[in-house]
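The chain contents come next:
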Amino acid sequence: MKEVNVKLISMVLVLVSVSIFILFKTDKNALVVALNKKNNISVKIEELINQNLDKELIRNENFNDKFVYLEFQKDGMCSSHFVDAKTGEEKYFLDYIKEEKREHFQTKIKDLLYLKYPNFIADILSLEDSQKTYQILQNELYIFYDNSTISPKVNEKLYLRVDYQEIQDCLDFPVSLGESTSFQDGYTYDKNKKSIAFTFDDGPNGEKTNKIVNLLEQNKAHATFFMVGNKMEYGKETILNVLNKGNEIGSHSYNHKNMKRMKIEDIISDEEKTKETFYNITGRELIYTRPPYGNINQKIKESLNTIFINWNLDTEDWLHRDKNYIVNYVMDNVNDGDIILMHDLYDSTVEAVEELLPKLYAEGYQVMSISELAKIKGKSLDAHSVYRSIKAD
Ligand SMILES: [Zn+2]
């Protein structure tokens, strides 16, 4: 019995010491590994700081032991780095988007880019290999883009603000959600930018009108179309398309006659006919009138209860029928608050619009309808008055 007890006790002793030894060794190893990792992380951070000595270190933050976020700034430009909190390796922002959500995330960003920017910009920014910088803020993510390959070259900083509410299910790290703020789309016009109105006369004109409507849509622009009453009946679908895309329509008389040579009662009854035709198609009222050839006098002004819209920049597109002429004329003469006259009748005009819209955007212009221009300039337009441009006081 005694012998058995001694054997048992020694066996237990041996087992305990082996366990302690194993435990100790494992712990020690774990400690060494942890120390190395910690060193890797701090070495990496130091390395990044040294590489960016010309910039100011704005943030050095550990995100829930997932990654360390370093942000540098210089001349208002931000650059960011992500250091993995486990390995100390430098990673990409996209590494912290859940793998199964990466495609969803990219699609979301692409959608937001096309909501905010004209296609010629969004096409480039949404390319996978476009140069971007991710900035992580309290409630939102900013993505800054390098716009060097966009043509025409855009003279503004290109970026996207993404509320975490929109992407929280994609993020592989915790964020705080602020109050949901609506996303600013490209049709939220900016008071501080230059603004002009495009106007197209003599339609509706089927395919050409619709082509212009598409170009406006692709460029986050709107226009006012002054249509001829007797053509409206044959262009119902075109009219509805123009309106559905956020543009507006004004009267361009019923028969395109020179009002100065008409009897006042005929002018009044023709205008009524135009208004009625338009109302029957759309259920809306016409509030603007552009007299044919811009011809107007005091008597006509007093007789018609409408806001008269003429122009201050005449492309003479009907005369030149030349895309380059129209583009150069507008780019050489355009100013904030201008109303530009064109006609949705000619291929050369459609081609000019296609080239003009990106060029104007690149130069900082927003192209809009008469009502939008009046609103952004803080002007209320009066009936019986003629406007040739709409400028702030
Ligand atoms: Zn006309």
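Within each chain, residue numbers correspond to sequence positions counted from 1 in written order. The predicted origin of the model limits local features to residues at a pLDDT of at least 70 and limits the giving and counting of side-chain atom pairs to 80 or more, whereas totals for whole chains, interfaces and linings rest on all residues. With hydrogens and water set aside, each side-chain value is computed from the structure's full complement of heavy atoms.

Details of the domain arrangement of the protein
- The domains assigned to the protein are domain 1 (95–170) and domain 2 (194–387).
- Delimitation of the domains relies on an automatic or database domain assignment. Distance from the C-alpha centre of domain 1 to the C-alpha centre of domain 2: 35 Å.
- Working rule for contacts: check all heavy atoms of both residues, and any pair within 4.5 Å makes them a contact. Across the contact, 13 residues belong to domain 1 and seven residues belong to domain 2.
- Between domain 1 and domain 2 the total buried area reaches about 800 Å² when both faces are included, carbon and sulfur atoms providing 60% of it.
- We count a salt bridge whenever a side-chain nitrogen from Lys or Arg sits within 4 Å of a carboxyl oxygen from Asp or Glu. Summed over the shared surface of domain 1 and domain 2, the result is zero salt bridges.
- Think of a polar contact as two N or O atoms within 3.5 Å of one another; within protein, one of them needs to be a possible hydrogen donor and the other a possible acceptor, and neighboring residues in sequence only count if both atoms come from side chains. Linking domain 1 with domain 2 are four residue pairs in polar contact (both at pLDDT 80 or more), by the criterion used here.
- When residue character is reported, Ala, Val, Leu, Ile, Met, Phe, Trp, Tyr, Cys and Pro are called nonpolar, Asp, Glu, Lys and Arg charged, and the others, Gly included, polar. Its residues assigned to classes, the side of domain 1 that touches domain 2 comprises eight nonpolar, two polar and three charged. Using a 1.4 Å probe, buried area is obtained as the accessible area two parts lose upon being combined, added over both of them.

Remarks on the pairing of strand 8 (residues 194–203)
- Burial classes: relative accessible area under 20% of the type maximum marks a residue as buried, over 50% as exposed, and values in between as partly exposed (1.4 Å probe, protein chains only). Helix and strand labels come from DSSP, where a helix needs a run of H or I of at least four residues and a strand needs a run of E of at least two; each type is numbered from the N terminus. Most of strand 8 is tucked away, with nine of its 10 residues classed as buried.
- The rule for pairing is simple: two strands pair if DSSP sees at least two bridges between them. When strand 8 meets strand 15 (residues 365–368), the two strands line up parallel, connected through four bridges. Residue pairing for strand 15: Ile196 is matched across the bridge by Val367.
- For strand 8 and strand 14 (residues 339–343), the ladder comprises five bridges, and the chain directions are parallel. The residue of strand 14 that forms the bridge with Asp201 is His343.
- The sheet contact formed by strand 8 and strand 9 (residues 224–227) spans four bridges and is parallel. In the sheet register, Phe200 faces strand 9, and the bridge partner there is Phe225.
- With its strands directed away from the observer, a crossover is right-handed exactly when the path from the first strand over the helix to the second travels clockwise. At this point the chain moves from strand 8, through helix 5 (residues 206–218), to the parallel strand 9, and the crossover so formed is right-handed.

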